[in-house]
Amino acid sequence: MQPAAFDYHRPGTIEEAVDLLGRVEGARALAGGHSLLPAMKLRLSSPPALVDLGRIAGLSGVTAENGSLSIGALTTHAEIEHSGLIEQECPILAEAAATIGDPAVRNRGTIGGSLAHADPAADLPTVITALGATVIVTGKGGEREIAAADFFTGLFATSLGRGEVVTSIRVPKLGAGTGTAYVKHRHPASSYAVVGVAAIVHAAGGAISGGSVAIGGATANPVVLDVIPGEDPAAATSASVAGAITRPIGDLYASGEYRVHLAGVLTKRALTTAIARTG
Ligand code: FAD
């Protein structure tokens with residue numbers, strides 16, 4: 001199927017992009033196009049105008065800052081997968097990016113697009129939620145920062161305002177003593193997560209000192225569980241996971257009950273691996 005007719009804009013600056021997006025009602029930003037264009041071809045989405053972010057300088061790449069990494073919104077999944085800085089400082093992001101789709105999807109799809117699209121079955125929203133990352137957005141009023149936990153507001157919904165563009169994502173550098181793991185049960189055709197779990201465990205002196213787990217795919221937005229200091233988090237029972245998932249998604253691929261079961265199994269698996277990696 002072909003998409004409905006639309007105007008195409010290719011601004012050279014973020015200010016121009018913000019202006020266009022704010023001015024044309026229903027206009028959408030275009031990044032990798034791997035979620036937006038299929039939706040347009042299926043006529044699930046018919047924006048009157050696309051604002052292509054691809055020519056705007058400075059929206060791509062990974063840089064180290066004090067205690068954190070800044071990842072440009074247009075950084076592709078493949079760049080995240082292969083970034084030496086991410087592998088060294090925040091390996092769970094590379095681990096998750098490597099599971100996305102196939103090489104064609106990873107070479108075009110971007111982290112900003114994935115977060116803005118807020119698909120419950122996507123991988124990166126789960127990881128940035130577990131990391132307590134910050135999403136930096138630019139709009140008419142300038143720049144603002146949104147905590148990952150506040151960014152996702154429902155099924156395919158975010159707290160982005162009209163005309164706002166995700167410009168970068170700030171993730172913490174994970175120091176020594178922190179172990180992480182991302183595990184997912186993938187849909188066999190698309191590779192999307194039926195359920196995906198990101199676990200981050202901090203250890204000090206041989207004991208668990210904290211951390212967090214985010215479970216994606218089971219609910220509209222990732223569900224977060226804290227790792228309690230001193231407890232063996234891998235002993236987290238399926239009951240505690242099930243208790244946290246109050247309104248599971250059920251669809252053609254997996255019932256809500258099955259997703260809750262998967263979430264328990266994968267949480268245990270992710271925590272066991274993350275703990276083994278703290279050493
Ligand atoms: P686009 O498609 O360009 O945009 C998506 C949405 O985000 C649009 O509404 C757009 O307006 C908005 N947007 C984009 N960038 C910005 C920005 N900077 N600021 C504000 N709004 C913005 N994802 C997974 O997580 N796991 C998978 O296993 C997986 N498998 C896939 C398999 C296939 C076959 C396909 C086609 C896609 C798959 N995806 C998967 C989705 C893929 O990761 C997408 O690339 C991603 O979700 C969207 O990123 P994009 O850059 O392509 O965004």
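Every value quoted in this text rests on a predicted model; they were computed, and no experiment measured them.

Asks: Explanation requested: the environment of Leu252 in the structure shown.
Replies: Relative to the helices and strands, Leu252 is located in the loop between helix H10 (238-244) and helix H11 (256-276). For Leu252, a relative accessible area of 82% puts it in the exposed group. Each C-alpha atom, one on Leu252 and one on Ala181, is 28 Å from the other, the two residues being 71 residues apart in sequence.

Asks: Before we go on, may I ask you to explain the sheet that holds strand E2 (residues 28-30) in this structure?
Replies: Note: strands within a sheet are paired through backbone hydrogen bonds, in either parallel or antiparallel orientation. Taking strand neighbours across the sheet as the criterion, the three strands line up as E1-E3-E2 in an open arrangement whose pairing is parallel. Each edge of the open sheet carries a strand with a single partner, namely strand E1 (7-9) and E2. Geometrically, the sheet is characterised by an average inter-axis angle of 30° between neighbouring strands, direction not taken into account. Of the pairings in the sheet, the one linking E2 to strand E3 (residues 49-52) comprises three bridges and is parallel in character. Paired with Ala29 across the bridge in E3 is Val51.

Asks: Just checking my understanding: could you explain the pairing of strand E12 (residues 193-204) for this structure?
Replies: In summary, the side chains of a regular strand alternate between the two faces of the sheet. Here E12 lies mainly inside the structure; nine of its twelve residues are buried. Sheet topology note: the strand E11 (residues 178-186)/E12 ladder contains nine bridges and is antiparallel. Paired with His185 across the two strands is Val195, which belongs to E12. Linkage of E11 to E12, two consecutive antiparallel strands, is achieved through a turn of six residues, within which Ser191 is found at a positive phi near 80°. Looking at chain direction, E12 and strand E13 (residues 207-216) are connected through nine bridges and run antiparallel. Each bridged residue has a counterpart across the sheet, and for Ala203 the counterpart in E13 is Ile208. Following E12, the chain reverses through two residues before pairing antiparallel with E13; Gly205 in that reversal takes a positive phi of roughly 55°.

Asks: Honestly, the site of the ligand in this entry has me stumped. Any pointers?
Replies: Around the ligand lies a shell of 32 residues, among which Arg28, Ala29, Leu36, Thr110 and Asp123 are the nearest. Gly101 places a main-chain nitrogen or oxygen 3.0 Å from an oxygen atom of the ligand. Taking 970 Å² as the accessible area of the ligand by itself, protein coverage stands at 91%. Elements with a minimum of two residues in the shell around the ligand: E2, helix H7 (111-117) and strand E10 (165-172). In terms of residues, the shell around the ligand owes the most to one element, H7, which gives four residues.

Asks: Help me out: how do you make sense of the environment of Ala204 in this one?
Replies: You can see Ala204 is positioned in strand E12. With a relative accessible area of 48%, Ala204 lands in the partly exposed category. As a C-alpha pair, Ala204 and Thr278 span 74 residues in sequence and 9.0 Å in three-dimensional space.

Cut-offs applied
- Residues numbered from 1 in each chain as written.
- Predicted model: local features only at pLDDT ≥ 70, side-chain atom pairs only at ≥ 80, totals over all residues.
- Heavy atoms only, no water.
- Helix = DSSP H or I, 4+ residues; strand = E, 2+ residues; numbered from the N terminus.
- Buried < 20%, exposed > 50% of the residue type's maximum accessible area, 1.4 Å probe, protein only.
- Pairing = 2+ DSSP bridges.
- Axes fitted to C-alpha atoms, helices over the stretch in contact; angles between N-to-C directions.
- Near = heavy atom within 4 Å.
- Polar contact = N/O pair within 3.5 Å; in protein donor to acceptor, adjacent residues only side chain to side chain.
- Areas by Shrake-Rupley, 256 points an atom, 1.4 Å probe, with all protein chains shown as cover.

Geometry only, nothing functional implied.
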